[in-house]
Amino acid sequence: MIASAQAAAAATPPSELEGHSAMPRADHDRMANAIRALAMDAVEQAKSGHPGLPMGAADIATVLFSRFLKFDPADPRWPDRDRFVLSAGHGSMLIYAVLHLTGYEAMTLDEIKRFRQIGSKTPGHPENFITPGVETTTGPLGQGLGNAVGMAIAERHLAAIFGSDVVDHRTYVLASDGDLMEGVGQEAIALAGHLKLNKLIVLFDDNGITIDGKLSLSDSVDQVKRFEAAGWRSERIDGHDPDAIAAAIEKAQGSDRPTMIACRTTIGFGAPNKAGSEKAHGSPLGPDEIAAARKKLGWDYPAFEVPEDIRALWRKAGKRCNDAHKAWEKRVAAMAADKHSEFKRRQHGELPKTLTQAVRAVKEKLATEPKNIATRASSEFALETLVEAVPEMIGGSADLTGSNNTRTKSMKTMTAADYSGRFIHYGVREHGMAAAMSGMALHGGVIPYSGTFLVFSDYCRPAIRLAALMGERVIYVMTHDSIGLGEDGPTHQPVEHLAALRAIPNLRVLRPCDVVETVECWELALQAKDAPSVLALTRQNLPQLRLGHEERNRCAAGAYEIVPAQGRAMASIFASGSEVAIAVEARKFLHERGVAARVVSVPCFELFRALSEEQRQDIIGIAPVKVAVEAGVRQGWDEIIGQNGAFIGMTTFGASAPYKDLYRHFGITPEKVAAAVIGKLGKP
């Protein structure tokens, strides 16, 4: 049942209504119609796009941006701005039209006219690294909602650390039916409800239409009850009634829980023949329908023209928060000197100078007290020092804390009662966790890391891919990285996963061979301001191969000679992670057979690939035989060993058995590596 605007307003305390004064309905309608017209025109000119959502949700956006959203077009990166996430990214012309109308300098009318063209600031789906004012890259449905949960987490945490005088903003999401149908949506909703993220407000564009037709073809969920079951406050309203929209947002702002407002809308509102149907969703309306829509909406202006009086109303909305922005700057300036500098450092994404000292201290300790431990345990050992040196690190795990080793002794849990905690129990929600971490990184001021098993990177992959596309510093701790996990068997043993992750552009896959490399890989992941990182870590114990202290981070090259040949090298053995120790043992076997071999550790293909050709060839070397060893598939290794190189690894799924038996069963042993070298040399 649609709640009336009068009933909603009556339920809202008068004090909460102050500061959000309504405008004349005629002004609202003309402002909303400006969005509709620009969306119709841009999609038509591009001969591609989605006019339905911008036209249907124009009333929601007009109320939000003109009366509630805290933002400043002159400073799109203002740290205390409200975040607006268009989770339904296919409706990108909605945000582009609003950015243009409110006065974002980069969003010119020419950019609107270049919608979906190469090099424009108006790509088909919103891309935050291209368009100022776009908070996150959306399009794959559900991801924006997951990102928004992370943004809301970051806001609450930073408010607990620095105070609500300088951190006090909301996160708004415009979500579609598709966002709520995707599985990641449920994970995000449940996590937000559990943490009582009351500054998160979802505006559900409840238009009842999907690409295939009516929503009833595939779904019959009562979304209001669903959200309420997850701990949210929810209600239904008329999404074309500005007073009802405003009243609902005002109530949401006073809630002690996250809020979902189901806004009943008509997709393609104003198009007389296509509104309310799938025909308005993902195709240009066509010249005749646009002309008819202009007539129905009373929009008697040429394509891309916005009358000055309407533009003035939108520009006034864009300047509405100028005083709030100035007042915030004064409060930041008045902070205690140490707190002020720390706040600024975090907002700029700069690492503390103590990180270098912390890494040095850990490596020096390992030089005097070597550790033969699993790299997941090595990670925990490193984190004990790193989380103290880098206070913006927020850890977590998808219900595998004791297995991922991501929580240090000093970390307290983040809860709805205490957001200052630095460890999040995400539950069995890998996809939601990964999407939330992207949102935390996008928000700024924190560096998220969290763990699961490497095989479950499949559940995280859509969010990992988007983090790489956006260039966000997110760190995924993926343990149990091979058949070395043993008895849990092939369902849990990653075989193709390293290659699959390495195929994602701008993602660093770091697979350290011992405790020293693990520390160095953590340093590299933290330093990667413009790229996410995966740390692939073992369950089984490994020997510490790097003995003695070296100041430089040798993993930074992506590959390096960890053990030289005794004499002129006849073979180069390349390996990553747990297989480096196998390569070192193979080198000993070969030495006994009179074959000199060198071992090259390859912790990161991406960093190695970034070197110059000369540097790469120097590391690869000139030995006539090249062999690679990794408990995964061969894919990717040929760029190092060539097509004629030998590969010792996996060609099938794994099996359930103790890990040492598995390595023997699949032939990943020092003896097999040595035999491959000898076979390539043609020796008996």
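A short tour of the structure in this document, coming up. (Residues numbered from 1 in each chain as written. Predicted model: local features only at pLDDT ≥ 70, side-chain atom pairs only at ≥ 80, totals over all residues. Heavy atoms only, no water.)

Here we come to the overall build of the protein chain. Counting its secondary structure elements, the protein chain contains 29 helices and 18 strands. The C-alpha radius of gyration computed for the protein chain amounts to 28 Å, which stays within 12% of the reference 26 Å derived for 684 residues, consistent with globular compactness. C-alpha atoms of the protein chain, sized along the principal axes, occupy 90 × 55 × 45 Å. Looking at the protein chain as a whole, 61% of its 684 residues are labelled buried. Put simply, 77% of the contacts in the protein chain that link residues at least 6 apart link residues at least 24 apart. In the form shown here, the protein chain has an accessible surface area of approximately 25,600 Å², with 51% of it arising from carbon and sulfur atoms. (Helix = DSSP H or I, 4+ residues; strand = E, 2+ residues; numbered from the N terminus. Rg over C-alpha atoms; globule rule 2.2 N^0.38 Å. Buried < 20%, exposed > 50% of the residue type's maximum accessible area, 1.4 Å probe, protein only. Contact = heavy atoms within 4.5 Å. Areas by Shrake-Rupley, 256 points an atom, 1.4 Å probe, with all protein chains shown as cover.)

What follows deals with the sheet that holds strand E16 (residues 597-601). Spatial ordering of the open sheet is given by E14-E16-E15-E17-E18, a layout of five strands whose pairing is mixed. This sheet does not close on itself; its edge strands, each paired only once, are strand E14 (560-563) and strand E18 (646-648). Taking the axes of each pair of neighbouring strands and ignoring which way they run, one obtains an average angle of 30° across the sheet. In the packing of helix H26 (residues 613-620) onto the sheet, the strands contacted are E14, strand E15 (571-575), E16 and strand E17 (625-629), and the crossing angle to E16 comes to about 130°. (Pairing = 2+ DSSP bridges. Axes fitted to C-alpha atoms, helices over the stretch in contact; angles between N-to-C directions.)

Ordered in space as E1-E2-E3-E7-E6, the five strands form an open sheet in which the pairing is parallel. Of all strands in the sheet, those bounded by a partner on one side alone are strand E1 (83-86) and strand E6 (233-238). Pairwise comparison of adjacent strand axes, ignoring direction, gives a mean angle of 20° for this sheet. Sheet topology places strand E3 (residues 200-206) next to strand E7 (residues 259-264); six bridges connect them, and they run parallel. Directly across from Ile201, in E7, lies its bridge partner Thr259. Lying over the sheet, helix H5 (residues 58-68) contacts E1, strand E2 (171-175), E3 and E7, oriented at roughly 170° with respect to E2.

By the alternation rule, side chains of strand E13 (residues 533-536) split into Ser533 and Leu535 and Val534 and Ala536, which are all buried. Alignment of strand E11 (residues 475-479) against E13, held across four bridges, turns out to be parallel. Paired with Tyr476 across the strands is Val534, a residue of E13. As defined by bridge partners, strand E12 (residues 508-510) adjoins E13 across three bridges and the pair is classed as parallel. Along E13, the bridge assignment pairs Val509 with Val534. Once you follow E12 into helix H23 (residues 515-527) and on to E13, the crossover reads as right-handed. (Right-handed = clockwise from strand over helix to strand, strands pointing away.)

The next subject is the side chain of Asp219. In this structure, Asp219 sits in the loop between strand E5 (213-214) and helix H11 (223-229). It is Arg226 that comes nearest to the buried, bridge-free Asp219 among opposite-charge side chains, at 6.9 Å. Reaching out from Asp219, the side chain makes a polar contact with the backbone nitrogen of Val221 at a distance of 3.4 Å. (Lys, Arg positive; Asp, Glu negative; His and termini not counted. Salt bridge = Lys/Arg side-chain N within 4 Å of Asp/Glu carboxyl O. Polar contact = N/O pair within 3.5 Å; in protein donor to acceptor, adjacent residues only side chain to side chain.)

Considered as a void within the structure, the largest pocket measures approximately 610 Å³ in volume. Contributing to the lining of the largest pocket are 30 residues, with Arg77, Ala441, Leu442, Gly444 and Glu472 lying nearest its centre. Looking at the lining of the largest pocket, the elements that each hand over two or more residues are helix H16 (337-347) and helix H20 (430-443). With three residues, the single largest contributor to the lining of the largest pocket is H20. By residue class, the composition of the lining of the largest pocket is nine nonpolar, ten polar and eleven charged. Size it by volume and the second largest pocket reaches roughly 340 Å³. Lining of the second largest pocket is provided by 21 residues; of these, His90, Leu141, Gly178, Ile211 and His281 occupy positions nearest its centre. Contributions of two or more residues to the lining of the second largest pocket are made by helix H9 (177-181) and strand E4 (209-210). Per-element accounting of the lining of the second largest pocket gives the leading share, three residues, to H9. (1 Å grid on protein atoms, 1.4 Å probe; cavity = no way out; pocket = protein on both sides within 12 Å on 5 of 7 lines; lining within 4 Å. Points joined across faces, edges and corners; volume = space filled by probe spheres on them. Nonpolar A, V, L, I, M, F, W, Y, C, P; charged D, E, K, R; others polar.)

Right, let's talk about the packing of helix H3 (residues 25-46) against helix H13 (residues 287-297) for a bit. Where H3 contacts H13, the axes come no closer than 11 Å and their chain directions differ by 170°. By the angle between their axes, H3 is roughly antiparallel relative to H13. Where H3 abuts H13, its residues Asn33, Arg36, Met40, Asp41 and Glu44 lie against Pro287, Ile290, Ala293, Arg294 and Leu297. Partitioned by chemical class, the residues of the contact of H3 with H13 number five nonpolar, one polar and four charged. (Parallel < 35°, antiparallel > 145°, perpendicular 65-115°, else oblique.)

Let us look at unusual backbone geometry. Excluding glycine, a negative phi dihedral is what most residues carry, and trans is how most peptide bonds are arranged. Backbone geometry places Arg116, a non-glycine residue, at a positive phi of 65°. By the element assignment, Arg116 lies in the loop between helix H7 (109-113) and helix H8 (143-162). Given a relative accessible area of 26%, Arg116 falls into the partly exposed group.

A separate point is helix H12 (residues 242-253). Compared with the 16 Å implied by 1.5 Å per residue over twelve residues, the 16 Å span of H12 between its first and last C-alpha is a close match. Within H12, eleven of the twelve residues are buried, which leaves it mostly tucked inside the rest of the structure. N-cap assignment for H12: the residue whose side-chain oxygen lies 3.0 Å from the backbone N of Asp243 is Asp241. (Expected span 1.5 Å × (residues − 1).)

Their axes nearest at 11 Å, the elements H8 and H16 cross at an angle of 160°. When the interaxial angle is binned, H8 and H16 end up roughly antiparallel. Pair H8 / H16 crosses with right-handed handedness. Together, Leu158, Ile161 and Phe162 of H8 and Lys339, Glu342, Phe343, Arg346 and Gln347 of H16 make up the contact between the two elements. Of the residues belonging to the contact of H8 with H16, the class tally is four nonpolar, one polar and three charged. (Left-handed = near helix turned anticlockwise from the far one by under 90°.)

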